[in-house]
Structures are given as structure tokens and as C-alpha cells.
4 protein chains.
Amino acid sequence: MTAVGFVGLGKMGAVMAPRFLEAGHALTVWNRTAAKAEPLVACGARCAETPADAAENSDVVISILGDDASVLDVYRGDNGLLSGSVDGTLFIDMSTVQPHTSVKIAEAVKAKGADFVEAPVSGTVGPAADGKLFALMAGDAAAIARAQPYLDILCRRTIHVGAAGQGALMKLVVNLPLGVYWQALAEAVALGEAGGLERKQILETITDSSAALAVLGLKTPAILGEVGAVAFDVDSMQKDILAMLETGSGLGVPLPAASAALMSYSAASAGGMGQEDAVSIVRFLSDRLTRQKSEN
Amino acid sequence: MTAVGFVGLGKMGAVMAPRFLEAGHALTVWNRTAAKAEPLVACGARCAETPADAAENSDVVISILGDDASVLDVYRGDNGLLSGSVDGTLFIDMSTVQPHTSVKIAEAVKAKGADFVEAPVSGTVGPAADGKLFALMAGDAAAIARAQPYLDILCRRTIHVGAAGQGALMKLVVNLPLGVYWQALAEAVALGEAGGLERKQILETITDSSAALAVLGLKTPAILGEVGAVAFDVDSMQKDILAMLETGSGLGVPLPAASAALMSYSAASAGGMGQEDAVSIVRFLSDRLTRQKSEN
Amino acid sequence: MTAVGFVGLGKMGAVMAPRFLEAGHALTVWNRTAAKAEPLVACGARCAETPADAAENSDVVISILGDDASVLDVYRGDNGLLSGSVDGTLFIDMSTVQPHTSVKIAEAVKAKGADFVEAPVSGTVGPAADGKLFALMAGDAAAIARAQPYLDILCRRTIHVGAAGQGALMKLVVNLPLGVYWQALAEAVALGEAGGLERKQILETITDSSAALAVLGLKTPAILGEVGAVAFDVDSMQKDILAMLETGSGLGVPLPAASAALMSYSAASAGGMGQEDAVSIVRFLSDRLTRQKSEN
Amino acid sequence: MTAVGFVGLGKMGAVMAPRFLEAGHALTVWNRTAAKAEPLVACGARCAETPADAAENSDVVISILGDDASVLDVYRGDNGLLSGSVDGTLFIDMSTVQPHTSVKIAEAVKAKGADFVEAPVSGTVGPAADGKLFALMAGDAAAIARAQPYLDILCRRTIHVGAAGQGALMKLVVNLPLGVYWQALAEAVALGEAGGLERKQILETITDSSAALAVLGLKTPAILGEVGAVAFDVDSMQKDILAMLETGSGLGVPLPAASAALMSYSAASAGGMGQEDAVSIVRFLSDRLTRQKSEN
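Thresholds, definitions, all that
- Residues numbered from 1 in each chain as written.
- Chains lettered and ligands numbered in written order.
- Predicted model: local features only at pLDDT ≥ 70, side-chain atom pairs only at ≥ 80, totals over all residues.
- Helix = DSSP H or I, 4+ residues; strand = E, 2+ residues; numbered from the N terminus.
- Rg over C-alpha atoms; globule rule 2.2 N^0.38 Å.
- Buried ≥ 20, exposed ≤ 12 C-beta atoms within 10 Å, placed from the backbone.
- Contact = placed C-beta atoms within 7 Å.
- Least-squares fit on C-alpha atoms with pLDDT ≥ 70 in both.
- Domains from an automatic or database assignment.
- Nonpolar A, V, L, I, M, F, W, Y, C, P; charged D, E, K, R; others polar.
- Axes fitted to C-alpha atoms, helices over the stretch in contact; angles between N-to-C directions.
- Parallel < 35°, antiparallel > 145°, perpendicular 65-115°, else oblique.
- Left-handed = near helix turned anticlockwise from the far one by under 90°.
- Core = buried A, V, L, I, M, F, W, Y, C linked by C-beta atoms within 7 Å.
- Arc of directions from axis to C-beta.
- Pairing = 2+ DSSP bridges.
- Right-handed = clockwise from strand over helix to strand, strands pointing away.
- pLDDT = per-residue confidence, 0-100.
- Expected span 1.5 Å × (residues − 1).

(A) Local environment of the overall build of chain A. Across its full length, chain A carries 14 helices and nine strands. Taken over C-alpha atoms, the radius of gyration comes to 21 Å for chain A, in line with the 19 Å a tight globule of 296 residues would show. Each of the 296 residues in chain A was classed as buried or not, and the buried ones make up 58%. Taking contacts inside chain A between residues at least 6 apart in sequence as the whole, the part at least 24 apart equals 64%.

Structure (C-alpha cells):
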């Protein structure tokens, strides 16, 4: 039994944290909106007053927060995770952030004499609840070894990709072909429809071809706008592709297809679809083109 | 037993034509290079001297040729399929051509009192040999009905997508997300490598994520340059994407990601990789970037 | 006094041909629509019945036609320029065509024992009427020397850029930054307007900066849609950029900004603006974005 | 005679500040590296110890700093311009920053009871020394009126474009067609060279056509790499285009040509050309393509 701190009880964190109680660990949680901690407290967790409180009373602290600013603030801010005495503590950040943010956190953690593992994940809420995430771990080998048993509680698989910042990079790398694929599919549907083909038949034909993304059949209802569930929204994809472009620009790597995709996610977001599933750009682009043609 | 003519004994045609002998039909074949007909003649087929000869002695003629110019020439040229008396004959063209080419052939066939079905296929040599192609049929309902039993000899599935030209369009539509996906994957690999990640680990991680194309695992050896087999080469993809852009330009459909992909296929072709598998652009772009960096 | 043939009396040809009469040459003209020859006949020109008639009765033949198909047909078709006896005749083609078309014409001309100079021009109707064109000549040095005095009647300047096909290429090369500049300006205006800036002020500010195209002030009324005169229309620009992409694709040269521009010209053409001045894409893109925003 | 503070003595500031002494004002200067103030002190200026010192002893403070972080720090940091008592002071920031940065500074200035004018400029060191800049002023009408006489000392022209943030936006808007033009020119040169045309002749032909940027003739030596003077470098253009994309992404404005240009500036920067003039991408892209071809 270890004293585990868990910081960030958003959609993902809320279903991940309980797994530590189930695994028999003592759990201290913290969330900006304290109300979200209540179900966990009911199951035996303690709710910390500040991130500092959570960190000082835990041996291992796991964080999963919504954006770079939150991560920087929760780690380095007043009463932040690193504001007290945390010598020897292990911090595992599972947030999806930019590589340079993760590098900053890693440096701050090490400066306090603590261990740091970066572990963004591939997988959404369903796999998170089932302990079936895929973690892209980065950090020193010793810290990774120390983090392994805790990540095993959350993940079906973990890989070690490199030093701090490289887990965040791998997460962007994985999202790139996904974000571009929906753009390509949008172009395919728009081209087909402009030439008189039917949207459903186009999608169904692609699904039964070598051009099919493995999850395409599963996502077709969302593409057609028939279901409302959102795995990963347009705004998040837009934010991620901007991060890819910034990173690529810094490294001298041209990303023309990702740039093309950014245009559509940005336009869809400006068009009020920011909270819808990223696949919605397929519908957005084709519908817009059809509407433009009907206006002439 | 029907008198079937089969025109075009390239990689695909060579394994498709024998299926008609196996199904008990009388087979007349024609190919520009007559030597390719020899294995079929050995099995009981007759080798026609000209396309006209093949057409005049068949009730159903199936063609699968390499490019638009060949199709136009074989159908409309001197001693072409339509040069003799073909009233009532059924022509099924399975070549991958541009929509406007298929429309021209359809008109020429109908002007001779014959039936026309356009049926480009999804699937490569393996499925072709096994009768497991997926045909995208276009044409009049009556002609389609008449063509069905012959396409069933070659296909695991057929769908009717619309009028002449729309089968060719659907073929382009299906190839678009495929051609763009390899570009996106190339960008992902280049971005990751520039940031210090390993190529194999990047590919393996994407394969185990929602960003995976269904065939990604299967294509990984070709991406890495470990195998030489070519399902669909860089030059063919380049030609197809140019056709998408021309068609999209005519219909007013912007195809920015496809345009981005064209750049890479063109550069790879100019770099001497035209005959390699289309997935080779992943390797081409990443290797080029690495080489450029090492030069500085 | 030379026997000059002039073929093609479109917007450009109609104001160019009379200059040969003024220079004291004997002039035979031909145009598909014969009525366009009437003003010239009234001034002393003879109207040929066919291109062959014009060629066989001239020492020097100048052609300026609307597209590649017309050039190929007028030169190589039945009763075409090359159908009769033209040994020793000089042909100067001033049409804007694709490099490979010009190469084909050059070969056909030489096969008849005649000389060929390719001379597409920079400059529109106004300079054409004033003999102030800028010709991009390509061909053998001897043919160029022979063509010089005739081109001097039409041009303020001529340069020799290379062999047949390279004049056409230089024409595409010159149009590339022009076609892309209007796209860039469209993006600038759209970005500024989305952030609350005024369109006229944006254009005026750019005109007074190092980002100004030399002709920007002159074109501003057309950009704003205040005048109807058309120097070079959207459809022509779309056609030219497609030709750039085809040529670039064949040579392995990536043209991402030109590709981006093609999207807009294609969309504008599909939106009914094909006959408007190419600068209209600035208005088209910004207006469309404003309309989309107002719809949300 | 007014007490003028001038903060930031970089390339631009160093030639702008003396104009206030010449105009008869009392001048206090501050620069992070104090040595740069020496020539001004020799002419009668006082060197402040901190930005706060400069602000508290001036009625009007003009700042021109290198990047967003410096502006934020000099205004809002410890001993910053706003750290002391500045009620009623007029601040004019002439730095080129992102719109959101300027908005933040404006808010901070107003919260201290002071006036703020944002006035980024079009024009480089030469015009700056001659008082020939073009200022894009943004802010409240009253503050603008108050700033006018001081900006007139530096500028040949000033315009009022809107509220705080909109001057920064106009600066990005103006730079967009400039940044894209060099990309387009690079594509044109690469296309022409791949087809056998000469680089100098291509540039010279474009300069004598309607595709010429007004400054093209002037910049040709820099494009050809024959001179080393740098007006605006690759890294600055890269930074500006990233800011355009971020702003455009937030406003839902697609910027495909700007995205295409970013790829080249990023690649050139990664290739070691970050400090060279932005026009160097023309040479960079063409040389790279030539090198690649020679490798095959």
C-alpha cells in the first residue's frame, strides 16, 4: 500500500483515480472544483486542500490536467505540487501538453529532488475506466521503473519513448495522421458529392477498402451526425495541430497536410462546432460546399 | 457458355482472364504484346489479332488497360473494339481512368448500339487472382444487370454507384484518403524523428492507436523498405492525385491535403522512386529531412 | 514587304494583326469565325479560307490562339497550317500553351522543313495594340533571328529563353507569383476583416508598404469590384495554375503556394466568377468568410 | 519641450531616439544593455537605471522592443514601466507583437491611469533614421491625438486602424503577402530551373512583368545571395507567420498560402539560414532541389 496522490478529476481523471482505491492504495485527491472529489471521498479517498497538501502527503503523485497552463500552474504555482517538501516523491504527469511544457515541468520536479515521468496516453474515457490505456512514457530509466506498477493499474500497455518532452512529442505524432485522415475523408466526400455520389455510399465504400482507418466503421455515425457522443473534439484537435505546427516549425519539419487540416478544424470551430467530435469536419466541409453551390 | 472477350493482360488482367475459362466460358483474349496471351492460349483461349477481332467474336467484352490513352485507343482507334459490328455486345471496362474518359467511351459504345458498364475495382493482384475484387459499377441499370454474372466471377462484391463516369470518380474518391494517409504518416514520422523518436517505434505506436489505417501493420515492412513487393506504385498514385485535382478543380472542390500529398509523390518520383510502393514516401520524406540536417 | 499570315483574331490577335499592314507587309488572315476578319479585310488584308490557305501563301505565319487544343488543331488538323507545302516558311506561335504542346508543334513544323519560334507574351490587350508586348522567345537561334523583325513590330522587348517549350514554361513561371499574390492578398484581407479591420484600409496600407505588387494600386478598383474590365480572368488563371502543377509534378517540383491558390480560383470559378478578373478571388474569399460567420 | 522617455535601443530604436533630441525634447533613455545608450548620453540624453525610472520622469514614453516577452517584461515586470506612479503618462509602443500581447499591455497601462497607443511600423532601419516610417496606430482617439506630434517626428505617415490589438493585427496582415510572395517566387524559380531556365533571367523577366513586387528589383541581389545586408530575417518572418496562423486559427480564417510559406521559412531556419534576409528562401528552395536532383 502506497500513499498515492491524484490531481485532476476531469473526464479522464474521474474514472482513473478510483482504480487506485480498488488496487488497495491510500488515495489523496485534488481538483480545482472540489465537488468532483466527492464520489471518491465517499469511497475512502481524502480530499486535499491544495496541490501542495496532496503532494506532501503522498509518495507517488499522478496528474492529468486539461491544458499546458493548468499543468504549469498546478506544478509551479503558489501552493502548487512543488511548493512544499517533495524530496524523493515520484510525479507522473499524464496530461497531453506541448513538449516544451513537459520539459519545464521535468526540470522543476528534478530541482526539488523528486522523480518525474511523463506519460500521456492514447485512449479515451472508456479504456481509461477499464485500465486499458496505452501510455507513452518518457523520463529517466529509474523513474520509469518506479512508475511502472502504478501505470500498470491504468494501462493495457506502456512504452518508454525517451527523455522528458518526448512522450508529449509522441502523442502529437500519433494524433497527426488521425487529424489529417478526417481532413482527407472530408475532401473525398466533398469531391464525390460534387460529382453526384451519395455520402453514405462513399463512406461505406471507403470503409470496405484499403483506404479505411481501422476505426472508420465505428466513427461513421458520428461522421454523419447521427450520434452526439464526443471522443475528442474539434477544439482539442485544432489545439493539437497548432502544437504540431509550432513544434515542426521549430525543428524545420514541413507539415503541409497537417496545415491543410488545421484550416478545416479552425473554420469548423469558428463555425460553432468546437465542442463536436473531430470527425465532424467531414460533415462541415461537405455541407458548406453544398450550401455554397446552392447559393449560386 | 458465353463468348467472352478479354482485352488487356497486364498484372491484373493476366490473373483475371483465366477465371472465365474456369467458369466454362469460351474466351478470346487480346493484348498489345501478344506473348502475354500464350499461357491462356495453352489453357484453351483464342488469341485475337486485333481488338476488333476480339469484339466481333464475343458477346461480352471485358477490358482492363493501363491508362486513359490506351483505353481511348483500344476502344476508338483503328481496328479498335468499336471499329467493327458490335451491335448488342456488352462492354465492361474495368480500367482505372478519369471520369471524363469513361464518359467518352460510354458515348462511343452506345453510338454503336452496344451496352456499356464501367467497373473500376478496389483490390490488387492477390484479390484479383482469387475473384475477391470490389467493383464500383456505373452505367444503365439494364447493362449493369447484364454485367452482373460476369463481374461476380471476378469480385467478392459489386455496388452500383451511378452513371458512366461516376465509377471512375468513386475510384478517385477512395484513393484520396489512402494517398493522403501516407503523406500524413510521412509528416508524423519526420516530426517524431526530428525530435529524437525512433521510426519503428513511431510506426508501431500509431499501429496500436486510433490513428491506424486498417492495413498499416501489413504495410509496415514496405514502409520501412524491408520488402520489395509493390501493390500500387508512386507513379500511379501521383497520376491519380493529379486526376483528383483536375476533377476537383473543375467541380470547385478544394483538395488541400491531396495537393500536399501530390508534392511528395512528385518529389519521390523525380527522386527515382516512381516504381516503388506508394508507402515509400514515408521513407523518402524522412530520409531526405535527415540527410538535409546532416548536411548543415 | 513580306507576305505575312496571321492566324487567330481573338482579343489579342485583333489588335496585333493590323500592325503588320501599318508596317507595310502584305497580310493574309484566318480566324475560325470569319466575321472577325472583316475590319482587317477593309484595311487591305486578304481572308484565307483555311489555315492551309494562309500558310501556303505566306513567308511568315504568326499564330495566337486560345488554348492548347486549338493550337494543335490549327497546326496539325485537316486543312491545318502544316497540311500543305510549307517548306522554308517561318511559323511564330504566340499562344499561351503548355510546354509539351509547344514541343509537339515545334516537332511537327520542323518535320515539314519549316522554321518554328515559340513566343508567348507578357502583356494584355492595351500593350498589344501599342506594340508594347514582352515576348518570351524560344527556338533555334537561326529561327529566332529570322523572327526578330516581325516580333519587333509587336513588342517593346524580346528575350530568348531557350529551346521550344521553354517559352511556354517561362510564361507559366511568370504567372505563378502573380496568381499566388492574389491568394496571399485574399488571405491578408480575410484575416484583417475577421479581426475588425476595414478592407479599403487594408489594401491601401499594403499598397504603401514593401508588400505591394507594383500593379496593386492600379488593380485596387477591380479587387473591390468597382470596375468590370477584365485583364486576365479567373478561369484562365485556374487553367494556368493547373498547368503549373502538372509541369511541376512531372519535374518533381513542389508548388504548395500555387496549389493553395488553385483551390481559390477553382472555388471562385465554381461560384460563377470564372469570367471576372483574377483579382476577384480577394473579394470572393473575404465575402464568403463574412457570409459564413453571419450564418452562425 | 516635453520630457520624452525612449525604451529599447536596438537597430530601430538606436536611430529613432536621437530624433527627439534634434526636435528639442528632453530625452531619457533605457536599454537592457546600457552601453547602447552611450552615444545618446553624449548628445545630451539621460540614461535611466530602470524602465520605472524612465517612466516616472517622462510625460511621454516610447517603446520599441524585440519580442512579446520583452514587451511584457519591460511594461509589467519588477521595476517595469508601470511599476511606479505613471498616472496621466502617455505610452506609445512601437514594437511588433501579437495582437493579444498588445491588448494585455493596453489593459495594464489603462489600469494605471495612463494613456496607451499601439504603433507598430512599416519600414526598416533606413526610413527609421530619416523619420520616414509608416505607423499603424491603434487606441483611443484622445490618446492617438496626444501621440500624433511625437509619431510625426518618426514617421512620413500615420494611420489610425482601430482599437488596441488592431495595429498589431494590421502589421501581420501587411507582412502576409510579403512572406508569401517570396515563397511564390521560390516556387517559380524552382519550376523554371527544373525546366532548364536560368535563375537570373527568370528573376529579371518577372521584374519586368505584372507579377513584380514593387521592391523586387531592389531585392534581387539579396535573392541571388550577392549581398549580405538583411532588412528582415528568416527567423522573424517565421515567427510572424506562426503568429498569423495562430491568429487566423483563432478567428477561423484559413491561410493556406501562408502555411505553405511557413514550411519554407522553417526549413531554411533549420538549415542554418535564420539570420539571413527573408528573401533567401528563394535561393534555399531552388538550391536544395538542384542538389537533390544531382544526388539521384
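(B) Expanded view of the relation of the copies chain D and chain B. Of the transformation placing chain D onto chain B, the axial shift is 0.1 Å and the rotation is 180 degrees, giving an RMSD of 0.1 Å. Viewed as a symmetry operation, the transformation between the two copies matches a two-fold axis. Considering only C-alpha atoms, the part of chain D nearest the rotation axis is Pro256 of chain D, at 4.0 Å. Here 100% of the interface residues in chain D have copies in chain B that are interface residues too; the copies meet face to matching face.

(C) Inspection of the interface of chain B and chain A at higher detail. Of the residues lining the interface, 56 residues belong to chain B; the matching set on chain A comes to 56 residues. Residue assignment for the side of chain B that touches chain A shows that the elements contributing at least two residues are β8 (133-139), β9 (155-162), α9 (166-194), α10 (199-207), α12 (234-251) and α13 (256-273) of chain B. In terms of residue count, the dominant contributor to the side of chain B that touches chain A is α9 of chain B (20 residues).

(D) Fine view of the relation of the copies chain B and chain A. Rotating chain B by 180 degrees and moving it 0.0 Å along the rotation axis overlays it on chain A with an RMSD of 0.1 Å. Here 100% of the interface residues in chain B have copies in chain A that are interface residues too; the copies meet face to matching face.

(E) Structural detail: the domain arrangement of chain A. Residues and elements named next belong to chain A. By the assigned domains, chain A splits into domain 1 (3-164) and domain 2 (169-295). Taken together, the contact between domain 1 and domain 2 spans eight residues of the former and eight residues of the latter. Its residues assigned to classes, the side of domain 1 that touches domain 2 shows four nonpolar, four polar and no charged.

(F) The arrangement of the packing of helix α9 (residues 166-194) of chain D against helix α13 (residues 256-273) of chain D in detail. Residues and elements named next belong to chain D. Where α9 meets α13, the closest approach of the two axes is 9 Å, and the angle between their N-to-C directions is 65 degrees. When the interaxial angle is binned, α9 and α13 end up roughly perpendicular. Viewed along their axes, α9 and α13 form a crossing whose handedness is left-handed. Residues Leu176, Gly179, Val180, Gln183 and Ala186 of α9 form the contact with α13, whose participating residues are Ala257, Ala258, Ala260, Ala261 and Ser264. Across the contact of α9 with α13, the residue classes break down as seven nonpolar, three polar and no charged.

(G) Summary view of the interface of chain D and chain B. Taken together, the five residues of chain D in the interface contact five residues of chain B. Partitioned by chemical class, the residues of the side of chain D that touches chain B number one nonpolar, four polar and no charged.

(H) Structural view of the nonpolar core. If you look at the biggest cluster of nonpolar residues, it comprises 456 residues, and the most contacted ones within it are Ile92 and Ala257 of chain A, Ala257 of chain B, Ile92 and Ala257 of chain C together with Ile92 and Ala257 of chain D. Sequence-distant contacts of Ala257 of chain C, that is, excluding residues within four places in its chain, are made with Val180 of chain C together with Val180, Gln183, Ala184, Glu187, Ala257, Ala260 and Ala261 of chain D.

(I) Structural context of helix α5 (residues 68-76) of chain D. Residues and elements named next belong to chain D. Burial in α5 covers these residues: Asp68, Val71, Val74 and Tyr75. Taken down its axis, α5 places every buried residue within 140 degrees of arc, on the same side. Packed against the buried residues of α5 are β1 (3-7), α4 (51-56), β4 (60-63), β5 (90-93) and α6 (99-111).

(J) Representation of the packing of helix α9 (residues 166-194) of chain C against helix α10 (residues 199-207) of chain C within the structure. All names here are of chain C. Contact geometry for α9 and α10: axes closest at 9 Å, N-to-C directions at 130 degrees. Classified by the angle their axes make, α9 and α10 are oblique. Considering the relative orientation of α9 and α10, their crossing is right-handed. Contacts from Ala188, Val189, Gly192 and Glu193 of α9 reach α10 at Arg199, Ile202 and Ile206.

(K) Representation of the environment of Leu72 of chain C within the structure. In this structure, Leu72 of chain C sits in helix α5 (residues 68-76). Between the C-alpha atoms of Leu72 of chain C and Ser210 of chain C, which are 138 residues apart in sequence, the distance is 43 Å.

(L) Broad picture of the pairing of strand β9 (residues 155-162) of chain D. Residue and element names in this part refer to chain D. Note: strand β8 (residues 133-139) against β9, six bridges, orientation parallel. Bridge assignment links Phe134 to a residue of β9, and that residue is Arg157. Each parallel crossover has a hand, and the one from β8 via helix α8 (residues 141-152) to β9 is right-handed.

(M) Region of interest: the pairing of strand β5 (residues 90-93) of chain C. All names here are of chain C. Side chains Leu90 and Ile92 project from β5 onto one buried face, and the interleaved Phe91 and Asp93 project onto a second face that is buried too. Read from strand β4 (residues 60-63) through α5 to β5, the crossover connection turns out right-handed. Sheet topology note: the β5/strand β6 (residues 115-118) ladder contains four bridges and is parallel. Bridge assignment links Ile92 to a residue of β6, and that residue is Val117. The β-α-β motif built from β5, the intervening helix α6 (residues 99-111) and the parallel element β6 has right-handed crossover chirality.

(N) Representation of the confidence of the model for chain A within the structure. Of the residues in chain A, 99% reach a pLDDT of 70 or more, and the chain-wide mean stands at 95. Quick note on the complex model: pTM equals 0.90, ipTM equals 0.95.

(O) Representation of α8 of chain D in the model. Residues and elements named next belong to chain D. Here α8 contains twelve residues, and its C-alpha end-to-end distance of 16 Å stays within 8% of the 16 Å for a straight helix at 1.5 Å per residue. Within α8, the full set of buried residues consists of Ala143, Ala147, Tyr150 and Leu151. Down the axis of α8, the buried set is contained in an arc of 90 degrees. They therefore lie on one face. Away from the buried face of α8 by more than 90 degrees, exposed residues Ala141, Ala142, Ala145 and Pro149 are located. For α8, the elements touching its buried residues are β4, β5, β6 (115-118), β8 and β9.

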